Amino acid sequence: MEVFVAARPQVVPVQAPAGPSGLAGSRPQRGNAALTGALAAVAAGVAGASARRRGTITAAAKCRGARIARKAWRAYRNCHGGEHLSPERKRQLEAICEKIATPGKGITATDEGPGTIGDRFAKVGVENTEEHRRVYRQMLYETPGVNNYLSAAILDPETLHQKDDEGVLFPRALEQRGIICGVKPHLKVYELPGALGDTVMQGLDSLAMRLREYKEAGAKFAKWRSPLQISRYSPTKAAIEANMRDLARFALICQEEGLVPMVEPDIIMKGDHDLETAVAVNVEVQTNLYKAMLEHGVYMEGALLKTNLVNPGLSCDTEYMVEEIAVANLMTLRRVTPVAIKGVNFLSGGQSLEQAAARLNALNKVKQVKGSCPWNLSFSWSWALQAPLLRLCEGKGGKLPLKEMSELYLKELAIASAAAQGKYEERESSLR
Amino acid sequence: MPLAHGGLPSILPADVMAELKETATKLCAPGKGFLAADESAGPWLRAGHAEAAKIPDVIENRAAYRSLCFSTPGLSEHISGVILHWETLFQDDGLGKAMVDIIQGNGMIAGIKVDKGYNKKGMWGTLVGPLGHPEVATVGLDDLQDRCKKAYEKGARFAKWRNVLQLDPAKGLPSDLAIADTVHTLARYASICQSEGLVPIVEPEIVPNGNHDIFYCAQMTEKVLAAQFKALADHHIYLEGAVLKPNMVKNGLAGPKAYPETIATLTCQTLLRTVPPAVPGIFFLSGETALNEDNEEEATINLSTMNKLFSGKLPWHLSFSYGKALQKTCVVTWLGKDENKEAAQKALLNRAKANSQAVFGKYQKGSCASVGTDGNVMQAAGPY
């Protein structure tokens, strides 16, 4: 709504009076005459005051004035909430977020690089050729009816430049079907030396330039995944802070290049930790994330979250009911997530479709009962959707049974969409 | 059942957590807010009215004035909780009835201010701000555990602690040091309160003194609240059993004046970016206003504008915790005279009702009689 984002008026700066002064309604840029003048006046005033006491303007007094002026700049530029973005840019980012966060719709995550998808193909005897990757993804985007369940798709950079059978580039083909195209920029995982398993993701350095290319190719949002693992030694505070800071910087760069950032802190399911431990670590990670984002000046209303469901570790002995996990997730979300973020899309992280759908469904059901959950809670699934499709390839002599896969995929998406609304009836699972 | 609180590690016994949640729910009842009656000196001295300032600040007068307020018939329709000064918690009225009993008997919950203010000498190395002193640190943690226990035994069920931050863009206030100290202190206080069954009101007040514009205030409020909720998470505060008392995002008293819609929009934008929905209620302080402003009306209008513009979009109860802004007309009607008692109570009830309407976004400007800007005097700002 127009009145919601009150932008600082872009007016001619009011001349600041001599002496300590505020920022008189203007939007200070680097080298803004009024602000520089005001701060210089402060510095001079400080220097002058101590000089008047001592009778001379010493170098020390000048330095102190300059230090104060520097403090002012530093404090002022921190936590500026996307102030550097134009109102139009902010509206564009918000509009994309709103579309992605459409109730009942979710994301198909198809951003596996050629290597990763190659592994998946190899397991079911399919050769990893560019053509195979192309037709497989085409099925994922263009199966008739998927656009009823999908608000967005995340692509690997290779796929951004591939075309469908009609010769239409995939980003365009998705756009034609009302599915927003996103990209996962190339990232490299790096193990922190001496950290017993903690990692950071490398990829910020050339990010701006690459995002520009992705945007030109038709991407509207970008996703960055920072995995973390719970063990006796991890994640350490240093690793959490490093990763969350990187996510914040990623978000800042995305917005500057006109793409919505989808930040993905992923606490993987490996481990034997119980649900309470998972909750505690998730709270620590996410509070770090939002504080970093706010401090970096990320425009929160133009950013989205993709994250793991808070789950007990895969090898945890305790059995939890689906409802217990749902309540833990809802309460954790409510304890940490800013309302300004419009939607949360949960990753599947190795869960089967049934498991992921059951948990997402329970969460959305609890959301309706408990209330006060302002975010759209939906899916962004890769493995959960694609594993059953790839299993259909077994024993087909290396061919992709696209028609069969299409039919199954559509049924899966219907389940995902139902789960995103709390309407999934497990008994009706008509997958087999 | 280990997951009674959604998997949150059990810092406190289950029954304590249950009580905190129950108290918080009552405090956040629809349409209701707090009467902040915890002024250190006579509350009429803070009313900014020349005649009122002449009333002698003695214990009998304070008891008379406060028992008048707390026994106002029907007040509990608009007021869920009353914040008391330590003196008042253990005080009786002129007829020997305990203040706490008056409050509870009138359908409200008693709360207690537990901070001990701050030394204006401030934190060494910080700069002097618009209040005329450096950045300060609120004290009172040392014996807080004990005092909370005593307050609970006397009947208090929630507490309040106020830290103060100043804004000065040219000097970089609030400094990171002041913010870090503020959020840490408030988190420690909240932790101790909750362990004694008291719902903590977390109040990181950014005072409006200064000539900055509203945008600077928005930015700094966002910065402070972001740090505050990170600190509360680090200190394992049970958010569902705590409430926030922030300043509204406003222009500096000597800065370019912002419209109520801008105040409402920027305030809610800031809160939506920083306050998790688990917090059941946000209760604004009224704070200082300029001499040519009607403190009571402004506070009510601003609250109403917020609830109207953002109706349905706010996941927390958005309400008031007003001292001055509830009591000024009442004080000026009372002026120390017993015969004015009923009229004074009526004034208090009316303003409480107006603020209740504001919580529903339905207050009509000017529909509540107020003494307005009559008799405003320059006030030295400070703890009250």
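A quick note: this is a predicted structure, and the numbers were derived from the prediction, not measured. (Residues numbered from 1 in each chain as written. Chains lettered and ligands numbered in written order. Predicted model: local features only at pLDDT ≥ 70, side-chain atom pairs only at ≥ 80, totals over all residues. Heavy atoms only, no water.)

1. Section: the overall build of chain B
Rule in force here: The way it works is that DSSP assigns letters per residue, a run of H or I at least four long becomes a helix, a run of E at least two long becomes a strand, and they are numbered from the N terminus. Note that the radius of gyration is over C-alpha atoms, with the globule rule given as 2.2 Å times the number of residues to the power 0.38. Relative accessible area decides the class of each residue, using a 1.4 Å probe on protein chains only: under 20% of the type maximum gives buried, over 50% gives exposed, and in between gives partly exposed. Contacts are assigned to residue pairs with any non-hydrogen atoms lying within 4.5 Å of each other. Accessible areas in this description were obtained via Shrake-Rupley with a 1.4 Å probe; residue shielding takes into account the shown protein chains only.
The secondary structure content of chain B amounts to 11 helices and eight strands. Expected size for 384 residues packed as a compact globule is a radius of gyration near 21 Å; at 19 Å, chain B falls within 12% of this value. Principal axes of the C-alpha set define a box for chain B whose edges measure 55 × 50 × 45 Å. Counting all 384 residues of chain B, 66% fall into the buried class. Here the analysis covers contacts within chain B between residues at least 6 apart in sequence; of these, 80% occur between residues at least 24 apart. For chain B, the computed accessible surface area is about 13,200 Å², with 53% contributed by carbon and sulfur atoms.

2. A word on the packing of helix α5 (residues 144-154) of chain B against helix α6 (residues 176-195) of chain B
Residue and element names in this part refer to chain B. Heads up, the rule is: Angles run from 0 to 180 degrees between N-to-C directions of axes, and those axes are lines fitted to C-alpha atoms, restricted for helices to the stretch in contact. Orientation is classified from the angle alone, with under 35 degrees giving roughly parallel, over 145 giving roughly antiparallel, 65 to 115 giving roughly perpendicular, and any other angle giving oblique. Handedness of a helix crossing follows the sense of rotation of the near helix relative to the far helix, less than a right angle counterclockwise being left-handed and clockwise being right-handed. Any residue that is not Ala, Val, Leu, Ile, Met, Phe, Trp, Tyr, Cys, Pro, Asp, Glu, Lys or Arg is counted as polar, Gly included; the first ten are nonpolar and the last four charged.
Where α5 contacts α6, the two axes come as close as 9 Å, and the packing angle between them is 40°. In terms of axis orientation, α5 runs oblique to α6. Judged by the sense of rotation from one axis to the other, the crossing of α5 with α6 is right-handed. Mapping the contact onto sequence places Leu144, Gln145 and Cys148 in α5 and Tyr189, Ile192, Cys193 and Ser195 in α6. The residue makeup of the contact of α5 with α6, split by class, is five nonpolar, two polar and no charged.

3. A word on the pairing of strand β2 (residues 150-155) of chain A
Each regular strand displays side chains that alternate between the two surfaces of the sheet. All names here are of chain A. Stated formally: By the convention used here, strands pair only if DSSP detects at least 2 bridges between them.
Summarising burial for β2: six of the six residues are buried, a large majority. Examined bridge by bridge, strand β1 (residues 106-110) and β2 share five bridges and lie parallel to one another. Bridging from a neighbouring strand, Ile107 pairs with Ala152 of β2. Here β2 pairs with strand β3 (residues 180-183) via four bridges, running parallel. From the neighbouring strand, Ala152 faces β3, where its bridge partner is Ile180.

4. Looking at the packing of aromatic side chains
Residue and element names in this part refer to chain B. This is how the line gets drawn: Two rings belonging to Phe, Tyr or Trp (six-membered ring only in the last case) form a pair when the distance between their centres is within 6.5 Å. Interplanar angles under 30 degrees mark stacking, angles over 60 mark edge-to-face geometry, and anything in between is tilted.
All told, the structure shown has 12 aromatic pairs over all chains when counted by the stated rule. Aromatic pair Trp86 and Phe90: ring centres 5.1 Å apart, planes at 50°, arrangement tilted. The class for Trp86 is partly exposed, based on a relative accessible area of 27%. Looking at Phe90, the relative accessible area reads 39%, which means it is partly exposed. Three or more aromatic residues joined by ring pairs form one cluster here, namely Phe34, Phe158 and Phe283.

5. Digging into the sheet that holds strand β10 (residues 376-381) of chain A
In any sheet, the strands associate via hydrogen bonds between backbone groups, in a parallel or an antiparallel arrangement. All names here are of chain A. Strand order around the closed barrel formed by eight strands is β1-β2-β3-β6-β7-β8-β9-β10, with parallel pairing between neighbours. Pairwise comparison of adjacent strand axes, ignoring direction, gives a mean angle of 25° for this sheet. Alignment of strand β9 (residues 343-346) against β10, held across four bridges, turns out to be parallel. Opposite Gly343, over in β10, you have Asn376 as the bridge partner.

6. Things to note about the nonpolar core
What counts here: To define a nonpolar core, start from buried Ala, Val, Leu, Ile, Met, Phe, Trp, Tyr and Cys residues and group those joined through side-chain atoms within 4.5 Å.
Membership of the largest hydrophobic core comes to 118 residues, with the highest contact counts inside it found for Phe70, Tyr189, Trp316 and Leu318 of chain B. With 12 residues, helix α7 (residues 214-234) of chain B is the single largest residue contributor to this core. Excluding anything up to four places from it in sequence, Trp316 of chain B contacts Val339 of chain A together with Leu271, Leu272, Val275, Pro276, Pro277, Val279, Pro280, Gly281 and Ile282 of chain B. One finds Tyr214, Val283, Val344 and Leu385 of chain A within the second-largest nonpolar core, a separate group that totals 101 residues.

7. Here we look at the environment of Gly366 of chain B
By the secondary structure assignment, Gly366 of chain B is in the segment after α11 (341-359). For the pair Gly366 of chain B and Thr300 of chain B, spaced 66 residues apart in sequence, the C-alpha to C-alpha distance is 10.0 Å.

8. Some details on the packing of helix α4 (residues 114-123) of chain A against helix α5 (residues 130-142) of chain A
Residues and elements named next belong to chain A. α5 packs onto α4 with a crossing angle of 85° between their chain directions and a minimal axis gap of 11 Å. One way to sum up the angle between α4 and α5 is to call them roughly perpendicular. Touching Pro114, Ile117 and Phe121 of α4 are His132, Arg133, Tyr136 and Arg137, all from α5. Its residues assigned to classes, the contact of α4 with α5 comprises four nonpolar, one polar and two charged.

9. What to know about the side chain of Lys184 of chain A
Summarising the element assignment, Lys184 of chain A is placed in the loop between β3 and β4 (188-191). The exposure class of Lys184 of chain A is buried, given its relative accessible area of 18%.

10. Let's talk about the side chain of Lys306 of chain A
All names here are of chain A. Put simply, the test is: In this count, Lys and Arg are taken as positive residues and Asp and Glu as negative ones, while His and the chain termini are left out. The term salt bridge refers to a pairing of a side-chain nitrogen on Lys or Arg with a carboxyl oxygen on Asp or Glu at a separation within 4 Å. N or O atoms within 3.5 Å of each other form a polar contact, as long as, within protein, one can give a hydrogen and the other can take it, and as long as residues adjacent in sequence are counted only when both atoms are side-chain atoms.
Here Lys306 shows up in strand β8 (residues 304-307). With no salt bridge to any partner, buried Lys306 finds its closest opposite charge in Glu264, at an N-O distance of 4.1 Å. A polar side-chain atom of Lys306 sits 2.8 Å from a polar atom in the side chain of Ser380. If sequence neighbours within four positions are ignored, Lys306 has contacts with Ala109, Ile154, Lys223, Met262, Val263, Glu264, Pro265, Asn345, Leu347 and Ser380.

11. As for the pattern of salt bridges
Residues and elements named next belong to chain A. Going through the model one piece at a time under the given rule, you end up with 42 salt bridges over all chains. Note that Glu112 is salt-bridged to Arg120, the shortest N-O span being 3.3 Å. The same class applies to Glu112 and to Arg120, which are both buried. Here Glu404 ties to Lys396 by a salt bridge, and the two come within 3.6 Å at their closest N and O atoms. Relative accessible area serves as the criterion here: at 36%, Glu404 is assigned to the partly exposed category. Overall, the relative accessible area of 36% leaves Lys396 in the partly exposed class.

12. Describing the state of the cysteines
Residues and elements named next belong to chain B. What counts, and what does not: Disulfides are defined as pairs of cysteine sulfur atoms found within 2.5 Å of each other.
The tally for this structure, following the rule as stated, stands at zero disulfides over all chains. Cysteine Cys28 shares no disulfide, and the gap to the nearest cysteine sulfur, in Cys193, comes to 15 Å. Residue classification places Cys28 among the buried residues on the basis of a relative accessible area of 12%. Cys217 provides the cysteine sulfur closest to Cys268, a residue in no disulfide bond, and the two sulfurs are 13 Å apart.

13. Considerations on the confidence of the model for chain B
Residues and elements named next belong to chain B. Rules: The predictor's confidence in any single residue is recorded as pLDDT, a number from 0 to 100.
Put simply, chain B has an average pLDDT of 93, and 95% of its residues get 70 or more. Here residues 378-384 is modelled with pLDDT under 50, and outside its nearest four sequence neighbours on either side it reaches 23 contacts, counting other chains as well. With a pTM of 0.86, the predicted complex shows an ipTM of 0.83.

14. Some details on the environment of Pro114 of chain A
Residue and element names in this part refer to chain A. Inspection of the secondary structure assignment puts Pro114 in helix α4. Sequence-wise, Pro114 and Asp156 are 42 residues apart; in three dimensions their C-alpha atoms are separated by 8.5 Å. When near neighbours in sequence (up to four residues on either side) are disregarded, Pro114 contacts Asn128, Arg133, Asp156 and Glu158.

15. A closer look at unusual backbone geometry
In this chain, Ser234 of chain A is followed by Pro235 of chain A through a cis amide linkage whose omega measures -5°. You can see Pro235 of chain A is positioned in the loop between β6 (221-228) and α9 (237-256). In the segment running from Leu173 of chain B into Pro174 of chain B, the intervening peptide bond is cis, with an omega of 5°. Its location among the elements puts Pro174 of chain B in the loop between β4 (158-165) and α6. Of note in the backbone geometry, Leu335 of chain B takes a positive phi value of approximately 45° without being a glycine. Mapped onto the elements of the fold, Leu335 of chain B is located in the loop between α10 (324-334) and α11.

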